[in-house]
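Fold and geometry: a report
Below, each chain spelled out in residue letters.
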There are 4 protein chains.
Amino acid sequence: MGLHDECGVVGIYGALSAAQLAYYALTSLQHRGQESAGIAVSDGGVDGKIKLHKGMGLVGDVFKNGDLDKLEGSIAVGHVRYATAGGRTIENAQPFLNTYKFGSIALAHNGQLVNHTELRSLLEDSGSTFSSSSDSEVILKLIVRKYIEKGGKPGHASHDMNLFIEAVVEAVKAIKGSFALCIMTQDILIAVRDPNGIRPLCIGNLNGGVTGAESPFEGVAEKGEALCSEGETSPSYIITSESCAIDSVNGKFIRDVLPGEVVIIDKNGIRSILTNDSSSNCEAASKRTCIFEYVYFARPDSVIDGIPVQEARYKMGAILARESKVDADVVIGVPDSGIGAAIGYAKESGIPYVTGIVKNKYIGRTFIAPTQKERENMVFVKLNAIGCDLCGKRVVVIDDSIVRGTTSRRLVQILRRAGAKEVHFRVSSPPVKFPCYLGIDTPSKSELISSTHELEEIRKEIGADSLAFISLEGMLKALGSNSFCRGCFNGEYPV
Amino acid sequence: MGLHDECGVVGIYGALSAAQLAYYALTSLQHRGQESAGIAVSDGGVDGKIKLHKGMGLVGDVFKNGDLDKLEGSIAVGHVRYATAGGRTIENAQPFLNTYKFGSIALAHNGQLVNHTELRSLLEDSGSTFSSSSDSEVILKLIVRKYIEKGGKPGHASHDMNLFIEAVVEAVKAIKGSFALCIMTQDILIAVRDPNGIRPLCIGNLNGGVTGAESPFEGVAEKGEALCSEGETSPSYIITSESCAIDSVNGKFIRDVLPGEVVIIDKNGIRSILTNDSSSNCEAASKRTCIFEYVYFARPDSVIDGIPVQEARYKMGAILARESKVDADVVIGVPDSGIGAAIGYAKESGIPYVTGIVKNKYIGRTFIAPTQKERENMVFVKLNAIGCDLCGKRVVVIDDSIVRGTTSRRLVQILRRAGAKEVHFRVSSPPVKFPCYLGIDTPSKSELISSTHELEEIRKEIGADSLAFISLEGMLKALGSNSFCRGCFNGEYPV
Amino acid sequence: MGLHDECGVVGIYGALSAAQLAYYALTSLQHRGQESAGIAVSDGGVDGKIKLHKGMGLVGDVFKNGDLDKLEGSIAVGHVRYATAGGRTIENAQPFLNTYKFGSIALAHNGQLVNHTELRSLLEDSGSTFSSSSDSEVILKLIVRKYIEKGGKPGHASHDMNLFIEAVVEAVKAIKGSFALCIMTQDILIAVRDPNGIRPLCIGNLNGGVTGAESPFEGVAEKGEALCSEGETSPSYIITSESCAIDSVNGKFIRDVLPGEVVIIDKNGIRSILTNDSSSNCEAASKRTCIFEYVYFARPDSVIDGIPVQEARYKMGAILARESKVDADVVIGVPDSGIGAAIGYAKESGIPYVTGIVKNKYIGRTFIAPTQKERENMVFVKLNAIGCDLCGKRVVVIDDSIVRGTTSRRLVQILRRAGAKEVHFRVSSPPVKFPCYLGIDTPSKSELISSTHELEEIRKEIGADSLAFISLEGMLKALGSNSFCRGCFNGEYPV
Amino acid sequence: MGLHDECGVVGIYGALSAAQLAYYALTSLQHRGQESAGIAVSDGGVDGKIKLHKGMGLVGDVFKNGDLDKLEGSIAVGHVRYATAGGRTIENAQPFLNTYKFGSIALAHNGQLVNHTELRSLLEDSGSTFSSSSDSEVILKLIVRKYIEKGGKPGHASHDMNLFIEAVVEAVKAIKGSFALCIMTQDILIAVRDPNGIRPLCIGNLNGGVTGAESPFEGVAEKGEALCSEGETSPSYIITSESCAIDSVNGKFIRDVLPGEVVIIDKNGIRSILTNDSSSNCEAASKRTCIFEYVYFARPDSVIDGIPVQEARYKMGAILARESKVDADVVIGVPDSGIGAAIGYAKESGIPYVTGIVKNKYIGRTFIAPTQKERENMVFVKLNAIGCDLCGKRVVVIDDSIVRGTTSRRLVQILRRAGAKEVHFRVSSPPVKFPCYLGIDTPSKSELISSTHELEEIRKEIGADSLAFISLEGMLKALGSNSFCRGCFNGEYPV
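Since we're looking at a predicted model, the values are computed, not measured.

Observations concerning the nonpolar core
- Membership of the largest hydrophobic core comes to 146 residues, with the highest contact counts inside it found for Phe 425 of chain A together with Phe 425 of chain B.
- Not counting the four nearest positions on each side in its chain, Phe 425 of chain A is found in contact with Val 397, Asp 399, Ile 402, Ser 408, Leu 411, Val 412, Ile 462, Ala 464, Ser 466, Leu 467 and Ala 468 of chain A.
- In this structure, Phe 297 and Leu 383 of chain C together with Ile 304 and Ala 346 of chain D belong to the second largest nonpolar core, which totals 145 residues.

This is how it looks when you write it as structure tokens:
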């Protein structure tokens, strides 16, 4: 509670009504961003035009009756965006759509570049101009630049498909940071995941959902080698940030995009290029997925890099129970993302799980809280305790994180107001001590309570009877892997 | 899933910014109705005017910046409305505000009258006209009619407060059906609950929240006798459909309004008139609260008539577990209202509780589903299974009810698609065989699957491996009382 | 400039798509009110329901795509409203729609009652309640009351048509003030004009527009006698505030509704009841049409009571030229309503007419003028001088009226800024010294500059080189009649 | 009637609240485009950021309360856009804002390039990408490209002001077609008019309005030489498409921007570069202003290139009267742009001028006309005849042009329906036989009735008793100059 992800992406290839599917998928990714939404679509013709509709607000507000009908076509990319206050303008809404020498290109990006200032300068040196402050626009223009430099022949991208793919690969190698990209030209869809796989991205089969047929594309190609195409008639795919979006369109999960992988989908099927260094076993060596996807951002029904999110949360809760036992009457989780860990904690500890807290799901961007006092009262509108679960009880409450500590303090107040005799605060992630530079909207170091306070000070500050965080080791054990970015815990970033 | 309540109400007395509190409270009652919202407010002066703002949509959409500022005053009533397709017009939005001979009156109503046609005719016979098709407008006009007939003196209502109260009492005795009312004149707030207490209504103290002082008003007066006023300086109260709304404004729950009780709040404090027959022990004899408030409508953090909603759900689940045992690996609940029963079932049966299903909370009224096929696909966008919870497992799934059966069938499909080996469907309410005439939007008898199909037929229809409903006895046992309307189960209605 | 009318009304009977025609007609009456718009419609069946759609804003904003489609039916009444700041709420938007004992009734009203407080009290005494502060709602409820009192039999109004008409006639006799009404039940349309004919109202034939056939209904019935019905198959009529609205639907003007006349249109055709005293020649004796309809409110393409509006303006200008000669180079008119008089003045005086001033037609309700200074600057955005018409010239400028004098002063500044050597201000109406109580939004007496200042003082105040108003006699001569309300000039009101 | 201009532009320098002034000015230019509106603003600091707000709709709809407050700054460019159906998207709304190597640049463009495809290709060859289909974006990127190529030093544009100006001048020389541009960086405002001066552009002094001081800047510099700066403290200027916008902000007209002139405004004042060939007398030789600005587009209160628009219309009417005499009773003009010519015709011919036709000013983009039949009826809602002006009369009606002929035919019908005995149609521009490639939205040649029909055929088609167009010679005589583009009359375009 207090961290925010930046965006969800989707790409659709080969569907009858790609925009409609993108609309469903984006609705399933809405938890990743509520500030703007957009879909670009092409009818797949080499000479076609890419149409774009985007706007501020929820997917359901941006796309009104008739808007989807105007977006006919079989290839689409879509985007939902989380935005900090400064960037809440239509100019920064995605996907970005640009036309250039050989065609059109639309791009949707989840993540954050660390070298976008340098890249922007390089592009500017040779004359590029930008219509937004977004690093995503930098990626789009870099791809085009690379393609032009390679001598891409006039005509559409697909006319010199190989050169275009080369350009994408070179651009991918040039950008540093976190990025899950869905890119489309008039006739191809490309998905890219950064070399560390910091942001999630996965592939689904839109045919498989119906037939249940096994997809032949579950292995991993050698670096640089194209995987065999499926060879099916009219292959139809979805690329998306989370697997829950594949489910939403009744698709079939195939696999995650690999760190550093470029996936190309066109009328010949699907193929892949691995851009990471060949000497390494790319998955083991370089994967540094953002650990907070499991803790907080992802929907519990998603599976990321083979790890089911909800299972990870159960396990974190279980390990937390082992690491910081407490004698109590009930275990509760802070909705929505603390619930999984609470169930796991309860099972492991034997202390009964109860609901304990209700979150009002109707509080959106338009909620009015005019004065400071009323803003503070808002927490009572947003969260409420279930008295019968808490009154006279010793309560273990599990939250996914403590960032500034303010929400935690109010939460403890709410529990005590409801009659909790003791409040034992447990956190299913280690103390967040460093800001994120890779796509998460964190406050500055000085505002991170774990960066400035000792454990006991924090406990006092939030008013709990006891406080414990899961250990980093415990968390990694829960996830069954070491391949995560842990920059916010120890300041060591993969890039 | 499939039933819909009609409305939530709130009344505020004595607050500095009554509209602001009503706004928070209505946001907490939003689950009871999303079609329209409105707040009427008075500054409490006898000669004052009641101002009204209402509109179509969510509370947060109807009240934009500045709207609340225009609603200055210390007394307010508010309303959120669930509407069937036919009545989705601004004319039926509440509160209703009318001026009449002696002042102004605003009214917010949750419930449904069974004799409104007769009453409307009677009023029409003496010349009343109506600006809506709502039975709530009938109540408002009936009160005024009664007051006029009693010879209320010119000037404002409060000038002849006793007569006005008499008029309200007479009107209350004349109307039949379900009603929880918040009524205001320029200077008083009145709350009324129907003689059977079918719809919930409760009282909170807005001072108590701060001082923590015990309220002296927890007993129940003898019929017709006014309870002593609190005698505090500037008493401040909230009346509302559910106690969760009291929590949202940091108020202190005092007690439920009694069946047949009329509660009057003015500058002298709070007093009460019991309109039910004196010979009966009113609570035991007449109380017929809608049982679905516990099963489905109410928020789990509310307490209705002394029964905590979530605790009731836990117990229903526990009894269901005892009544219809099954050998299984996991128990899951259909969100949001099936979760409580699932937790209870799990605890009682010893089968582990897991989340299992995720509900997309961003699907609102504006969601587009153009074609029939796409409408069917919507269920995949709305609900999704958590694969790790279900794959290869024997699953007990608890839903709160089966109405038409269509949602249940799709739900079973979703669980099987996620790999569930067996699906055992358990329902925490008895079969719904009769439509409701008291405020719930039910389909006709022929559409109620339990009305037209035997248990085994339903099981086949929905595709489950086994199916069981809780018994009516079991449900009443869970609630610890017999005082409920059970018309939808057995066709016996209290009115 | 500075006066405002309150509303335009329309009634349609017998058209295939009555709402569509009402929409066109209201658009043509939009100059009479821009605050709200609404249309009520019935399919003409005795058992039918009246549907209503109304909202705040221009006709084109209130009715979006699809809204008209939902308003199927052959009978309609519509309304556009001018509103003072205080009453800008949806509650006061018209038409008003009420259901009552015997059916439904919708009413649209242009005008203002002087005895609505008494009538409201009388209605309230017998129990009526009101949902708005509008005197128009009083009329609606009074009609219903009269009908009920007459013992109207159960069933729809048409079942006892004669009684209903009697009720309307009695209600019309009871209300005092100005009123042009369009009233509909499920199956009849009634139009009423007040006994003095203060507000305009006229009848058009919707069949005649196509066939060009002469309407048999051009005479006037004796008082109380019903005119013969047309006997045509499917007669189709329009009733409206101004004849320009008849033109807008390609209808054929038949005649004005007479002062005190009640016109009834149903499936049997059209008939009429004259409610004014039989001993008088009603037209000559009682007609007191608002003179400002000719000066300012009405569109120049309308004909009211046989007097073409634009012709009246030409004549006022001509008489003004004779009454207050001046040696000048050009004559200009203040748009829009001063232009007619300017053309007339120019022709009579021989001084050339030029355009001189342009009015920005895009300045609507949403125009932002944040600060006072900017508000003053707004006049430069709203009105601008045409330099070539004015520079170095002696200019006669004709405005229709001077109310507060502030606009006139700014206007003179604008002309001088454009180089006018002399500015001779001429006003095509006499000095406005008294507020209007009959439907015009005038400031209080103390704000009327002609009420507090002598002619020479006003001239100085507005900065003109000379100033003259038309004489009342001159104005009446221009109109060729004495039958006008002149309350705002001399304080003598017809009621 | 039937032609449409594409856009109005404004630039503000040195005002306290530049966005507020741009808002007023755009409102005054609203007749030039109603599809989208936008304002970009900078606080004038070299390191500042340019903020942008744009949207679809009228100026008053795009800028709501608070929007202007967020656009603080002293330099602004603004734009209103007319759009053909295909391009009605937010992507094409102006101003365009791009950041690049050395800063930010915003651009607003009225006109149309004929070589934008080639320029776009050239830019694309070196890697440019485009976010819209607009030729205006091409200009913006070309300027940036030129600047980069010239070796502009890092830092903001102003750091190497001279180079930047050189880049603008080179870009201006490279683009062909019609263009009136307002360009801003963080600290300078630049105005450019194409070498033929096809679209109008003029300069106003915002200080002069207050002080009334004479501007020293009324002469014209030698080519390439910078005019002396004003040397005043805080000079404040407005650049805009039409002089009426200068009046709207109470500014003082200085002069028109010359064909091929680049005007630069910064903290040092105002200076100018003439890009046209030095050997020619640039004004006489190259000026080819669009003649339809005088006939139709411009507001009558504007003065373009020294010719007052309304005076030009009077004269066209007068010459038309001389060229095509007719014996008639009244002269009328089709609003709004035909009125000037009608007044001139009347004066010259001695036939009285009357209003004759009223145009409904409330018909905007949202007007609903569902079916084809209703669409045809719309003309009756849009235009109406004034019966008293026409009935039994021989009527001369002046329109500014005949394009397809459909509107003219309906107009004649309207006049005849109102009783006109004879209708003599006169047109204040020569027959339009060729489409425009320079910024006017004309139908294709085959749809231009004068391109496919002889005069007598057209007369029959529109149903007039006689028909005459002004001669091209007559028109030029009226304008007192030969310096106009006459491509639409004779197919000879300046570029």
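With respect to the interface of chain A and chain B
- Counting residues at the interface gives 55 residues for chain A, matched by 55 residues for chain B.
- For the pair chain A and chain B, the two sides together bury roughly 4,500 Å², of which 58% comes from carbon and sulfur.
- The residue Asp 336 of chain A makes a salt bridge to Lys 361 of chain B at a minimum N-O spacing of 3.3 Å.
- Taken together, the connections running from chain A to chain B amount to 20 residue pairs in polar contact (both at pLDDT 80 or more).
- Looking at the side of chain A that touches chain B residue by residue, the class counts come to 26 nonpolar, 16 polar and 13 charged.

Structural notes on the packing of helix α10 (residues 309–323) of chain A against helix α11 (residues 339–349) of chain A
All names here are of chain A.
- Taken N-terminus to C-terminus, the directions of α10 and α11 make an angle of 45°; their axes are 6 Å apart at the nearest point. Judged by the inter-axis angle, α10 sits oblique to α11. α10 and α11 meet at a crossing whose hand is right-handed. Within the contact between the two elements, α10 uses Gln 310, Arg 313, Tyr 314, Gly 317, Ala 318, Leu 320, Ala 321 and Arg 322 and α11 uses Gly 340, Ala 341, Ile 343, Gly 344, Tyr 345, Glu 348 and Ser 349.
- Looking at the contact of α10 with α11 residue by residue, the class counts come to seven nonpolar, five polar and three charged.

Thoughts on the packing of aromatic side chains
- A complete count under the given rule lists 38 aromatic pairs over all chains for this structure.
- Here the aromatic rings of Tyr 23 of chain C and Phe 63 of chain C are separated by 6.1 Å at their centres, their planes lie at 80°, and the arrangement is edge-to-face. Taken as a pair, Tyr 23 of chain C in helix α1 (residues 18–28) and Phe 63 of chain C in the loop between α2 (59–62) and β4 (75–81) lie far apart in primary sequence, 40 residues in all.
- What makes Tyr 23 of chain C buried here is its relative accessible area of 0%.
- The class for Phe 63 of chain C is buried, based on a relative accessible area of 0%.
- Sitting over the ring of Phe 130 of chain A, Arg 120 of chain A keeps its end group 4.3 Å from the ring centre.
- Just above the ring of Phe 130 of chain C sits the side chain of Lys 141 of chain C; from NZ or CZ to the centre is 5.8 Å.

Quick notes on the state of the cysteines
- In the structure shown here, the tally under the stated rule is zero disulfides over all chains.
- Residue Cys 202 of chain D stays outside any disulfide, its sulfur separated by 8.5 Å from that of Cys 244 of chain D, the closest cysteine.

A look at the sheet that holds strand β8 (residues 189–193) of chain B
Residues and elements named next belong to chain B.
- Taken in spatial order, the six strands line up as β5-β6-β7-β8-β12-β13 in an open sheet, and their pairing is antiparallel. Sheet topology places β5 (96–100) and β13 (269–274) at the edges, where each strand pairs with a single neighbour. Shown here is a sheet whose adjacent strand axes are inclined to one another by a mean of 20°, direction ignored.
- Alignment of strand β12 (residues 261–266) against β13, held across six bridges, turns out to be antiparallel. Each residue of the ladder has a partner; that of Ile 265, found in β13, is Ile 270.

A closer look at the relation of the copies chain A and chain B
- Least-squares fitting of chain A to chain B yields an RMSD of 0.1 Å, with the superposition described by an axial translation of 0.1 Å and a rotation of 180°. The superposition of one copy onto the other is thereby described by a two-fold rotation axis. In terms of proximity to the rotation axis, the leading residue of chain A is Lys 361 of chain A, whose C-alpha is 3.4 Å off the axis.
- Taken together, the interface assignments show that 100% of the residues at the interface of chain A recur at the interface of chain B, consistent with an identical surface on both copies.

What counts, and at which threshold
- Residues numbered from 1 in each chain as written.
- Chains lettered and ligands numbered in written order.
- Predicted model: local features only at pLDDT ≥ 70, side-chain atom pairs only at ≥ 80, totals over all residues.
- Heavy atoms only, no water.
- Core = buried A, V, L, I, M, F, W, Y, C linked by side-chain atoms within 4.5 Å.
- Buried < 20%, exposed > 50% of the residue type's maximum accessible area, 1.4 Å probe, protein only.
- Contact = heavy atoms within 4.5 Å.
- Buried area = accessible area lost by both parts, 1.4 Å probe.
- Salt bridge = Lys/Arg side-chain N within 4 Å of Asp/Glu carboxyl O.
- Polar contact = N/O pair within 3.5 Å; in protein donor to acceptor, adjacent residues only side chain to side chain.
- Nonpolar A, V, L, I, M, F, W, Y, C, P; charged D, E, K, R; others polar.
- Axes fitted to C-alpha atoms, helices over the stretch in contact; angles between N-to-C directions.
- Helix = DSSP H or I, 4+ residues; strand = E, 2+ residues; numbered from the N terminus.
- Parallel < 35°, antiparallel > 145°, perpendicular 65-115°, else oblique.
- Left-handed = near helix turned anticlockwise from the far one by under 90°.
- Phe/Tyr/Trp six-rings, centres within 6.5 Å; stacked < 30°, edge-to-face > 60°.
- Lys NZ or Arg CZ within 6 Å of the ring centre and 35° of its normal.
- Disulfide = S-S within 2.5 Å.
- Pairing = 2+ DSSP bridges.
- Least-squares fit on C-alpha atoms with pLDDT ≥ 70 in both.

Shape descriptors only; they carry no functional weight alone.
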